[in-house]
Each structure stands twice: as structure tokens, then as C-alpha cells.
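The chain contents come next:
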Amino acid sequence: GDVYKRQINAEYMGYFKMLSHRVVRLLPCYIFVLLVYWKLTSLAGSGPLTLVYQSTIDGYCRATWWKDLTFINNLKELAENDCIPWGWYLACDMQIFLIVPILFEFLRRDFSGRKNLLLVLSVISIIYAFVRSLVENWSVLGFSDPKYFAGYYTRPWTRAPAYFIGAYLAIIYLDKKTQDSETSIFGRLRKSIGLQIGSFFVGLLICLAMIFFVAPEISYDNYYSSVSKALYQSLGRPLFVIGQIFIILPCLSGGGKLLNLLLGNKIIEIVGKLTFSMYMIHIMVLSFRTFSEPNPFYLSHKNLFVDSITSLFATMLVALPIHLLVEMPIVNLEHVLIYRKKK
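Described below are features of the structure shown in this document. Because the structure is a prediction, the values reported are computed rather than measured. (Residues numbered from 1 in each chain as written. Predicted model: local features only at pLDDT ≥ 70, side-chain atom pairs only at ≥ 80, totals over all residues. Heavy atoms only, no water.)

## Comments concerning the nonpolar core
(1) Moving on: Grouped together as the largest cluster of nonpolar side chains are 30 residues, with contacts concentrated most on Y37, F71, L90 and M280.
(2) Moving on: Looking at this core, the elements with two or more residues in it are helix 1 (2–39), helix 2 (50–69), helix 3 (88–105), helix 13 (266–291) and helix 14 (301–342).
(3) Moving on: I96, L118, F164 and I171 belong to the second largest nonpolar core, which has 8 residues in total. (Core = buried A, V, L, I, M, F, W, Y, C linked by side-chain atoms within 4.5 Å. Buried < 20%, exposed > 50% of the residue type's maximum accessible area, 1.4 Å probe, protein only. Helix = DSSP H or I, 4+ residues; strand = E, 2+ residues; numbered from the N terminus.)

Rendered as C-alpha cells:
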């Protein structure tokens with residue numbers, strides 16, 4: 001009995017340690033960006049729309065800052081105004097991150113049961129998304145309906161399948177028997193360059209199909225039938241994740257040397273370390289550029305391409321000091337206080 005109690009306590013401590021790591025990883029940078037956005041944005045910008053934009057930020061942040069920092073700003077019925085409106089994704093991420101380990105606890109050491117649970121939950125979520133989209137008749141873009149963004153697009157139960165598919169892959173990948181088996185998908189990919197190339201291009205094709213599926217709807221209203229739109233809303237994101245899995249499977253199997261060489265490049269690694277800070281401040285950079293423009297923006301493929309590239313590099317430039325001065329010191333401090341102490 002004492003041994004069992006110690007095991008349960010260790011598992012609970014492991015869960016809370018994992019949760020504390022997640023909070024420490026996300027919250028300091030989140031708080032910093034929120035305060036900068038709330039208190040310093042009014043000092044930036046000089047275009048004709050800047051004052052209109054700045055005048056709304058203080059009111060939104062006074063009313064909703066606590067929802068952002070407690071990761072519940074995505075749980076609302078209508079498209080309310082938030083202090084950090086793009087923070088809904090972090091809220092979804094945190095909520096699913098909290099729930100999945102608890103679900104797995106009921107299937108302790110039962111890897112097949114965990115995989116089946118993820119599949120069942122994914123199917124339920126996909127069916128819900130399909131029915132809701134069909135009833136509401138949302139387009140593949142969806143944002144014209146205020147119910148879509150707040151009641152569907154940002155909800156964890158409609159976003160969950162993409163996470164569950166990733167968790168499903170992790171369970172398979174961490175299973176040593178599956179890794180070592182020559183008849184498993186990993187074993188077959190290791191032995192065949194043709195399968196590696198095929199897996200990469202199948203994944204790339206799926207991802208591109210999910211991206212460009214929306215193009216006709218941009219040019220023509222109601223281009224797709226209600227069923228086609230509902231299928232895209234329910235399956236588009238899970239299929240995009242499956243496409244990404246096909247792309248990285250050769251690397252996970254020990255092959256994919258060219259892709260590993262690209263993704264392991266030092267420049268890519270540096271950019272990868274900046275991605276969270278870039279995500280946190282990208283809307284601020286885009287807003288500053290947009291509301292500082294003295295003239296209307298002419299939409300064309302060339303202008304959009306140039307604007308996207310310059311915005312990307314501007315975001316990286318702003319993210320770098322945030323990463324170095326806020327994000328990295330907190331991560332290093334956690335490592336020193338917890339992980340080195342454990343050693």
C-alpha cells in the first residue's frame with residue numbers, strides 16, 4: 001500500500017512539475033508583451049488610423065487582461081474584444097495540455113488504450129465540427145460570421161484533433177518495440193529511400209491542398225456546397241497535421257538526411273528559438289505598420305509578397321531582444337534552480 005501511494009504521489013508531482021514548467025515557459029513573455037501592448041502602444045504609430053486603434057486598447061486590456069493571463073480568453077460565446085486577441089491559441093494549447101495527461105492517467109501504461117482514446121475523442125470532435133459547420137453553413141473562410149471565431153474557431157474541442165493526432169504519433173514514436181521493428185513504418189522507411197521521398201511528397205501535397213482549397217472561395221462566394229465546406233472545417237486542420245507527419249516521418253525513422261540537414265541548420269535553429277517571441281509580438285508589428293501607413297494599401301500579389309517578407313524580418317528583429325532579455329533568462333533560471341539541482 002505504501003509503495004502504491006508513493007507511486008501515485010510521484011505521478012502527481014510529475015504532473016504539477018510539468019504544468020509549472022509550461023507556465024514558466026509561457027507566462028513571463030506573455031506578461032511582458034501584454035504590458036508593452038497595453039501601456040506603450042499609445043506611444044507608437046503616426047498614421048491617420050493610429051488614434052482610433054490606440055483609443056480602444058486601454059479599455060479592452062482593463063476589462064480582459066486577467067482572462068488572457070489565466071488562459072481562458074477563448075471561452076466566450078461572441079467575438080468580444082480582448083487585450084491580446086491572438087492569445088486564444090495559447091489558451092487552447094494550455095487547456096488541451098492540462099487535460100490530456102489526466103485522461104492518460106486513467107490508462108496508465110496502456111499504450112493501446114491511450115491511442116484508442118485519442119482516436120475516439122478526435123472522431124467525436126470532427127463529427128461535432130462537421131455538424132456545427134453544416135448547420136451554420138459557414139464558408140471555408142468563416143470569419144464573416146461573429147459566431148465562427150469565438151464559438152468555433154477558438155474552441156479547444158474543435159482544435160483538439162490536431163493535438164490528439166500529434167499525441168498519437170508521439171505514443172507510437174516513443175514505443176521502443178515499434179521503433180526497433182523492421183516491419184513497422186519506421187523500419188520500412190529506414191530501409192527505403194523511395195518510401196522516404198514518397199512520404200515527404202505525399203505530406204507536402206496534403207498540406208498544399210489544405211492551404212489552396214480556400215482559394216476559389218476568396219474569388220467566388222458560395223463556390224463550395226454546404227457539405228464540402230463542412231468537410232473542410234472539420235477535416236482541414238487534422239489533415240494538415242497528418243500532412244506534416246508524413247513530411248517528418250523520414251526524419252523520425254532515422255532517414256531523411258537532406259531534410260534533417262535543412263532543419264538542423266544553425267540559422268533554422270536560431271529562428272526556431274525565436275518563434276514563440278515572434279508569435280507573441282507579430283500582431284503588434286503588423287498593426288504598427290498598418291496603422292502608420294498614410295495612404296491606402298493596394299492589394300496585389302507583388303505588394304502582398306513584399307509586405308509579408310518585410311513583416312517577417314521586422315517581426316524577427318523585434319522578437320530577438322524579447323527572447324534574449326525575457327524568454328531566455330527565465331528558461332535558464334528554471335534550468336539552474338530545478339534541473340541542475342536534481343542532478
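So much for the structure itself; the text now carries on.
## Re the state of the cysteines
(1) Moving on: Inspection of every chain in the model, using the stated rule, returns 1 disulfide.
(2) Moving on: The side chain of C61 participates in a disulfide bridge whose partner is C83; the two sulfur atoms lie 2.0 Å from each other. Here the S-S torsion is close to 75 degrees, and the disulfide linking C61 with C83 is therefore right-handed. Within this pair, whereas C61 is found in helix 2, its partner C83 is found in the loop between helix 2 and helix 3, the two being separated by 22 residues in sequence.
(3) Moving on: Of the residues examined, C83 reaches a relative accessible area of 1% and is grouped as buried. (Disulfide = S-S within 2.5 Å.)

## What to know about the side chain of E217
(1) Moving on: Summarising the element assignment, E217 is placed in helix 10 (residues 215–219).
(2) Moving on: With near-sequence residues (within four places) excluded, E217 lies in contact with S139, V140, L141, N222, Y223, Y224 and K229. (Contact = heavy atoms within 4.5 Å.)

## Digging into helix 11 (residues 226–252)
(1) Moving on: In a regular helix each residue adds 1.5 Å, so 27 residues correspond to 39 Å; helix 11 covers 38 Å between its end C-alpha atoms and thus fits that length.
(2) Moving on: Its maximal kink placed at L235, helix 11 deviates by approximately 45 degrees, while the proline P238 follows within four residues.
(3) Moving on: At the exit of helix 11 stands G254, carrying a positive phi of roughly 100 degrees. (Expected span 1.5 Å × (residues − 1). Bend = angle between axes of the 7 residues up to and from the residue.)

## Observations regarding the pattern of salt bridges
Note that side chains of opposite charge can pair when their charged atoms are close.
(1) Moving on: Per the counting criterion, the structure on display carries 5 salt bridges.
(2) Moving on: The shortest N-O distance in the salt bridge between E327 and R25 comes to 2.6 Å. Of this pair, E327 sits in helix 14 while R25 is found in helix 1, placing the two residues 302 residues apart along the sequence.
(3) Moving on: Judged by its relative accessible area of 3%, E327 is buried.
(4) Moving on: R25 sits in the partly exposed class, given a relative accessible area of 28%.
(5) Moving on: Across the salt bridge formed by R289 and D307, the nearest N and O atoms sit 3.1 Å from each other. With R289 in helix 13 and D307 in helix 14, the pair connects residues that are 18 residues apart, well separated along the chain. (Salt bridge = Lys/Arg side-chain N within 4 Å of Asp/Glu carboxyl O.)

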